[in-house]
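One letter stands for each residue in the lines below.
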Amino acid sequence: MRVLIGGGSGFVGRELTRLLRDKGHEVTVISRQPGPGKITWGELESSGLPPCEGAVNLAGENLMNPLRWWNESYKKDLFSSRIDTTKALAQAIAASPSPPHSWVLVSGVACYQPSLTAKYTEDSQWTPFDLLSKLVKEWEASALLPETVAQNTKQVVIRPGAVLGRDGGAMKQMLLPFWLGLGGTLGSGSQPFPWIHVSDLAGIIAHALEPPTDTPSPSQQVFNGVAPALNTNYEFTKELGRVLRRPTIFPVPGFVMNALMGSERAVVLTQGQKVVPQRTLEAGFQYKYPDLSSALKEIVGS
């Protein structure tokens, strides 16, 4: 199978590329920089979709970029980097004489309203309530294919939680303070912490790229890209401290997070949602790291 990956040189993209190549698939990455095995976004727009059986979009400015201050220009980049690339891919698929059989967008769980009690499955109804949920709404809408194309191309949306892995994502910034014994709960600590190991997320995407077994539905199939374990931020903090053999006694109050990151962005860490991967499990996906202990041991190598 030939797979085209938008944003394939990022943290999740590298893991997915490795997994697909290990399975014998051919991968072309759409990137800002040209190079072997790559095309640029400009080439996609001018020359159209290269021949492929599957397409994935992972492109987007990093929400947790520690080097970027939370301001209007950053918010604009968060939206445009996701929506423009998704639109470009969807338009290229729609215009292709032989569109791929599977088109996968990876968005996020920010569409579900933070709650200590509500549990969200893929069937949960939601309406935008803040900046990030509005982003998810526009982002997923920009991936929709015209009905004529959707008859032959399966449309999938995967909504991951915090993606945990050794060389990127949330862990990259967390490990140093924890190693120094400065790790602690964020905000109250009681907020749900939906997470997934990066290799399981890559596995769910690869699973979604499989050819459809029957006629695709004109609407998007949604899968929650989270581990089946429902954990709180407190449980995550204590488990990471235990695996690293470091104390976790320095809680970071919510107001500090808001000041450091901007309240609209800090909400991702100080509030959370109980997200259940119901359809992911029903589809027969086998998690390698279904619980925090196995995931964190793999990541910190103990």
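In this text, all values refer to a predicted model and were calculated from it rather than measured experimentally.

A.B. asks: I keep staring at the UniProt feature "domain: NAD-dependent epimerase/dehydratase" (unreviewed entry) in the chain and nothing clicks. Help me out?
C.D. replies: In the numbering adopted here, UniProt assigns the feature "domain: NAD-dependent epimerase/dehydratase" (unreviewed entry) to residues 3–217. This span, residues 3–217, is 38% helix and 18% strand, and a straight line between its end C-alpha atoms measures 21 Å.

A.B. asks: Help me out: how do you make sense of the UniProt feature "domain: DUF1731" (unreviewed entry) in the chain in this one?
C.D. replies: Within the UniProt annotation, "domain: DUF1731" (unreviewed entry) is assigned to residues 252–299. Across residues 252–299, helical content stands at 60% and strand content at 4%; the span's end C-alpha atoms are separated by 23 Å.

A.B. asks: Help me understand the pairing of strand β5 (residues 102–106) in this model?
C.D. replies: Moving residue by residue along a regular strand, the side chains alternate between the two faces of the sheet. For β5, the buried fraction is high: five of the five residues fall into the buried class. Every second residue of β5 is oriented toward a common face, with Ser102, Val104 and Val106 on one face and Trp103 and Leu105 on the other, all of them buried. Pairing analysis gives four bridges linking strand β4 (residues 54–57) to β5, with the strands arranged parallel. Along β5, the bridge assignment pairs Asn57 with Leu105. Chirality of the crossover, the property in question, places the unit of β4, helix α3 (residues 72–95) and β5 among those that are right-handed. Sheet topology note: the β5/strand β7 (residues 154–160) ladder contains five bridges and is parallel. Bridged to Val104 within β7 is Val156.

A.B. asks: Would you mind going over the packing of helix α6 (residues 169–179) against helix α8 (residues 233–244) with me for this structure?
C.D. replies: Two numbers describe how α6 lies on α8: the axes approach to 11 Å, and their chain directions differ by 60°. In the crossing of α6 with α8, the sense of the turn from one axis to the other is right-handed. The segment α6 lies against α8, with Met171, Met174, Leu175, Phe178 and Trp179 engaging Phe236, Thr237, Leu240, Gly241 and Leu244. Tallied by class, residues from the contact of α6 with α8 come to eight nonpolar, two polar and no charged.

A.B. asks: Sorry if this is basic, but what is going on with the side chain of Arg265 here?
C.D. replies: Position of Arg265 among the secondary structure elements: in helix α10 (residues 263–270). Lacking a salt bridge, the buried Arg265 has Glu61 as its closest oppositely charged neighbour, with an N-O distance of 7.5 Å. Reaching out from Arg265, the side chain makes a polar contact with the backbone oxygen of Arg68 at a distance of 3.0 Å. Once residues lying within four places of it in the same chain are set aside, the contact partners of Arg265 are Leu63, Met64, Asn65, Arg68, Trp69, Trp70 and Tyr74.

A.B. asks: Got a minute to help me understand the side chain of Asp200 in this structure?
C.D. replies: Inspection of the secondary structure puts Asp200 in helix α7 (residues 198–209). For Asp200, which is buried and forms no salt bridge, the nearest opposite charge comes from Lys288, at a distance of 6.6 Å. There is a polar contact of 2.9 Å between the side chain of Asp200 and the backbone nitrogen of Tyr289. Leaving out residues up to four positions away in the same chain, Asp200 has contacts with Phe285, Gln286, Tyr287, Lys288 and Tyr289.

A.B. asks: How do you make sense of the nonpolar core when you look at a structure like this?
C.D. replies: The nonpolar side chains of a soluble globular protein tend to be buried with one another. Leu4, Leu44, Leu49, Leu89 and Trp103 are the most contacted members of the largest nonpolar core, which totals 37 residues. Of all the secondary-structure elements, those providing two or more residues to this core are α2 (41–47), α3, β5, α4 (131–141), α9 (254–261) and α10. Counting residues per element, this core draws most heavily on α3, at nine residues. With sequence-adjacent residues up to four places away left out, Leu89 is seen in contact with Leu4, Gly6, Ile30, Trp41, Leu44, Leu49, Ala55, Val56, Asn57 and Trp103. Val3, Val29, Ile205 and Phe285 belong to the second largest nonpolar core, which has 27 residues in total.

Basis of the calculations
Each residue is numbered by its place in its chain's sequence as written, counting from 1. Totals for whole chains, interfaces and linings use every residue, but because this is a predicted model, local features are given only for residues with pLDDT of at least 70 and side-chain atom pairs only at 80 or more, for both listing and counting. Side-chain descriptors were evaluated using all non-hydrogen atoms of the structure, hydrogens and water having been removed beforehand. UniProt positions are given in the numbering used here, feature names are shortened, and annotations may be inferred rather than shown by experiment. Only DSSP runs of H or I covering at least 4 residues are called helices, and only runs of E covering at least 2 are called strands; the numbering of each starts at the N terminus. Think of it in three bands: residues with accessible area under 20% of the maximum for their type are buried, residues over 50% are exposed, and the middle band is partly exposed, with areas taken using a 1.4 Å probe on protein chains only. Should DSSP find at least two bridges between two strands, the strands are taken to pair. With the strands pointing away from the viewer, any crossover whose connection runs clockwise from the first strand over the helix to the second is right-handed. Axis lines are fitted through C-alpha atoms, for helices just across the contact stretch, and the angle between N-to-C directions can take any value from 0 to 180 degrees. The hand of a helix crossing depends on one turn: near helix anticlockwise from the far one by less than a right angle means left-handed, and clockwise means right-handed. Note on definitions: a residue-residue contact is assigned when non-hydrogen atoms from the two residues lie within 4.5 Å. Polar here means any residue outside two lists: the nonpolar Ala, Val, Leu, Ile, Met, Phe, Trp, Tyr, Cys and Pro, and the charged Asp, Glu, Lys and Arg; Gly therefore counts as polar. Only four residue types enter the charge count, namely Lys and Arg as positive and Asp and Glu as negative; His and the chain termini do not. Think of a salt bridge as a Lys or Arg side-chain nitrogen and an Asp or Glu carboxyl oxygen that are within 4 Å of each other. Polar contacts here mean pairs of N or O atoms no more than 3.5 Å apart (in protein, one a potential hydrogen donor and the other a potential acceptor; neighbouring residues in sequence count only if both atoms are side-chain atoms). Side-chain atoms within 4.5 Å are what join buried Ala, Val, Leu, Ile, Met, Phe, Trp, Tyr and Cys residues into a set we call a nonpolar core.

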